[in-house]
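Residues per chain, in single letters:
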Amino acid sequence: MGEGESIIRLNAALEGRYRIENKLGEGGMAMVYLANDLRHERKVALKVLKPELAAVVGAERFLAEIKTTANLQHPHILPLFDSGEADGFLFYVMPHVEGDSLRTRLDREKQLPVSEAVDIASKVAHALDYAHRHGVVHRDIKPANVLLHDGEPVVADFGIALALTREGGRLTETGLSLGTPEYMSPEQGSGEREIGPRADIYALGCVLYELLTGRPPHTGASSQAIMAKVLTQPPAPVEEDRTTVPRHVSRAVSRALQPLPADRFSTAGDFAAALAPGVGEAEGWAGEPPAWLTDWRTLVTLGALAVAVGAVGIMGTHAPSASTSGVVRFTVSLPDDRRVLTTQPLSLALSRDGSLLVYVGADGDSNDARQRLYVRRIDRLEPEPLAGTEGASRPFLSPDGAWVGFFVGTALKKVSLSGGNPITLAGAVRTFAGRAVWLDDGTIIYPVTLGRLDQVSEAGGRPRTVLDDSTVAVLGLGALPEARGVMFFQCPVLACPINADLVGLELPGGGRTTLVESGMPFDPLAPAKPMYATSGHLLYGRTDGTLMAAPLDLESLSVEATPVPVLEGMLDPGMVALSDNGTLVYLAGSVGGSRRLVLVDRDGSPTPLPGPARVYGFPRFDPEARRLVTEIHDETGGHVWLDDLTSNTLSPITAGGHEPGAVWSPDGTRVAYVSLREGGAGLFVASVDREAAERRIHPVDVVGSEVGVTAWSPDGRWILFTQVDAHDSQGIFVIAADGTEDAYPLLATPAEESNGQLSPNGEWLVYQSDESGTTEVYVTAFPDPGGRWAVSSEGGYAPVWRGDEIFYRRFDGLYVATVAPGERPPVQQRRRLFDDTRFRGVGATFDVTPDGQQLLMVETLEQAAEMVVTLNWFEELRELTAGTR
């Protein structure tokens, strides 16, 4: 069959799905075509297995085995889009990468710069390490299978070799073999059936050898000649061929090319680590950091003060001090344009080996500071921004320190610390009261609502609920070792936020055990972070800036002694991190951030409103912008208060329970709010002047984070609120303001819909939904929704409609969209006004003056803080808790 005939037949077989444009190339196992993905309107690489291979393997076996690679998600692994069988063709689909392969680059340049070659090999090694940990061996690593996308290496063709290898000896009937002789490990060349991860390590060693020297380690006139050399002749060290290659790199390559698999690196991650400067080919290396990075006690006890001070030059600017033998303390200075963002809770994450710190930082001055993640490594002077993490919060690290997880809006994501695009693991996170944790078994536990925790694999997939209790609020998360379970603070919804018990939850399917009663007074803007120390202690921060500790019996999961203070002066109970080797990092400063109500101009300039600093949330103007209602938190909960801007007086409207915000009636005489209170939680309406008693118009029996009033219609007839619908997702509901009609769902789909607001004429509803996979702002008709039109692009939430403009938030700032009037109000223009990081406190809501020129927001002021590092802290911790056992 000719090439043209094959393309015609392929197009006919794939009609409606893909359209072949031209043939890109041909390898030993497949033909590669450039195609259009008709459904998603994108270019793809469509690879078709050669007929002789397809006949041997069979469609059922091939498609079943290649599924293994569909879940591989790594920034340096080319993802699998699709696979299938059509008219006898077996095919699989991957992204079309516009750029060279390493093969093309080598053919053109012969050799690469040493630093670039090592960087590429290290990133490929991390990709292999990830795949190996998920049970997938590539089996055909070679320069042609490493693509360069914007200069970054991406490994292609994961899975095809796996699918074909299952056929064993039958493959020889085709006259083909898996692997390319120049990069084939000895065990592959000798025909061994069990090929493990160290075969990939050997192949990568061959690739790096060629990147450095310009030729593979073994060449020959035939495959047999090459394999004979592989088995009998060790290649010359690369430093003999190229003297600029560092010795530790040359040794790492030599070790990767050992004929016996047992003599190579144990893992691809170890290979990557051995390529790093200063590490070399350490005997017995197993992925642990070298002693000079972690064993600071040796430096101190040997009296090597000069070395210790030199280390401070790496980590900070203040000289270390020792409070007990072996314990070293110093402060770390960060550049102003890469400072820790103290307005963000739970902003520190430390790797288990103490070699790197990830934090939420700001990259500008306080008036326009963009929020993102930064990485500070112990062996580097400056923190570096982590690409793709704009708007990120609450970071947490994988057990191996290779990945960082974080939240952006309602999405849970992860990104590799070696680079690449973030990967979304889960969505529809409706609470901002805690972080997630990455357990030793590769699962991630994260909060969804105040009373619900879900679990998702580090590779993605369908989440699974591990705790769902609408009677309690779950605040903060900490991991127990060996995937034993998690710890968190919990309190009854109707009794929060006075005190919360510290609880342990065993997984899978275990019960909850109270570890510490009334362990934490709850501040919604400063959630604590319980931690397990490998010294055998339970640690948690209190809102007064004290770190508490007690010995923890893991076997019985019990704390048998009263916790004692072991550290004071923390800025925030969540601004602390601990490594397995006893490195403690925390922010020191005065407790209690300053939060105030402000009017913000369209350029982001704030004007404070009169009144003391408090914990404010959910501010709303009355129709004339002369008064406002806001939630204020105190020791009994959050209540609705009236702030009269003309007289500068503040007075409470509610006091009976916990009320997360309120909305005004169009005539300015009443407010509607949800109240969580003993014996009568519900949606209430009350007169502002208190001439009439409050009246409950709708009962509420769900967690407070899942219900809230969002709007009162301009004609005064309807109140809009959000609550969980029949799909177990947030939906937008409507109820008659006079309580004469039952509530009914306005938008209730499997997607998460919330924050419903109405246009000034009451004919249109603007709201947020994650139906596309990303939370966006949409408009639909009211009160009878029909079609819907997108307002935001690339993310949006918390909309407010004023005049012909819709204001909304995105991860990188506050935006406004101009809306044209008509039967279908189209968006004519959208633009970013300013970065609103400092105006994100309790409740993502804000309000806008009637003329649209100023915004009512809650400002959280950044605080002066020092980052304090304590090395070998476990020694001191044991002394402080010695008398409590």
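Everything below is about the structure shown above.
Parameters and conventions
Residues numbered from 1 in each chain as written. Predicted model: local features only at pLDDT ≥ 70, side-chain atom pairs only at ≥ 80, totals over all residues. Heavy atoms only, no water. Helix = DSSP H or I, 4+ residues; strand = E, 2+ residues; numbered from the N terminus. Contact = heavy atoms within 4.5 Å. Areas by Shrake-Rupley, 256 points an atom, 1.4 Å probe, with all protein chains shown as cover. Pairing = 2+ DSSP bridges. Salt bridge = Lys/Arg side-chain N within 4 Å of Asp/Glu carboxyl O. Buried < 20%, exposed > 50% of the residue type's maximum accessible area, 1.4 Å probe, protein only. Phe/Tyr/Trp six-rings, centres within 6.5 Å; stacked < 30°, edge-to-face > 60°. Lys NZ or Arg CZ within 6 Å of the ring centre and 35° of its normal. Expected span 1.5 Å × (residues − 1).

Novice: An account of the overall build of the protein chain is needed here, citing residue identities and associated values.
Specialist: The number of helices and strands found in the protein chain is 16 helices and 56 strands. Within the protein chain, contacts between residues at least 6 apart in sequence are counted, and of these 49% link residues at least 24 apart. A total accessible area of about 34,900 Å² is found for the protein chain, and carbon and sulfur atoms account for 48% of it.

Novice: Can you lay out the sheet that holds strand S54 (residues 847–848) for me, pointing to particular residues and giving the numbers?
Specialist: Spatial ordering of the open sheet is given by S33-S32-S55-S54, a layout of 4 strands whose pairing is antiparallel. Each end of this open sheet is capped by a strand with a single partner; those strands are strand S33 (606–608) and S54.

Novice: Got a sec to walk through the pattern of salt bridges? Specific residues and values, please.
Specialist: Taken as a whole and judged by the stated rule, the model has 35 salt bridges. Close ionic contact of Asp37 with Arg42 constitutes a salt bridge, the shortest N to O distance being 3.0 Å. Asp119 is the partner of Lys123 in a salt bridge, and the nearest nitrogen-oxygen pair spans 3.2 Å. Linking Lys123 with Asp119, this pair stays in helix H5 (residues 114–133), spanning 4 residues, or about one helical turn.

Novice: I'd like a rundown of the pairing of strand S12 (residues 371–377), residues and numbers included.
Specialist: Along S12, 6 of the 7 residues are buried, which leaves the element largely enclosed by surrounding structure. Sheet analysis places strand S11 (residues 356–362) next to S12, joined by 7 bridges and oriented antiparallel. Across the sheet, Val360 pairs through a bridge with Leu373, a residue of S12. Between S12 and strand S13 (residues 384–385), which pair antiparallel one after the other, the connecting turn spans 6 residues.

Novice: Give a description of the packing of aromatic side chains that names residues and reports values.
Specialist: Going through the model one piece at a time under the given rule, you end up with 12 aromatic pairs. Relative to Trp438, the ring of Phe396 lies with its centre 6.1 Å away and its plane at 55°, an arrangement referred to as tilted. With Phe396 in strand S14 (residues 393–397) and Trp438 in strand S18 (residues 437–438), the pair connects residues that are 42 residues apart, well separated along the chain. Side by side, Phe396 and Trp438 carry an identical accessibility label, which is buried. Considering the side-chain rings of Trp764 and Trp789, the 5.8 Å spacing of their centres and the 75° angle between planes classify their relative orientation as edge-to-face. Of this pair, Trp764 sits in strand S47 (residues 764–769) while Trp789 sits in strand S49 (residues 788–790), and the two are 25 residues apart along the sequence. Given a relative accessible area of 11%, Trp764 falls into the buried group. A cation over an aromatic ring shows up here: Arg42 above the ring of Phe81, its NZ or CZ 3.8 Å from the ring centre.

Novice: Provide a residue-level description of H5, including the pertinent values.
Specialist: A rise of 1.5 Å per residue sets the reference length of H5, with its 20 residues, at 28 Å; its end C-alpha atoms lie 28 Å apart and thus fit the reference within 8%. Burial runs high along H5: 15 of the 20 residues are buried.

Novice: A description of the environment of Gly574 should follow, citing residues and the corresponding values.
Specialist: Tracing the backbone through its elements, the reader meets Gly574 in the loop between strand S29 (564–567) and strand S30 (576–578). The class for Gly574 is buried, based on a relative accessible area of 0%. C-alpha separation for the pair Gly574 and Gln344, spaced 230 residues apart in sequence, amounts to 9.6 Å.

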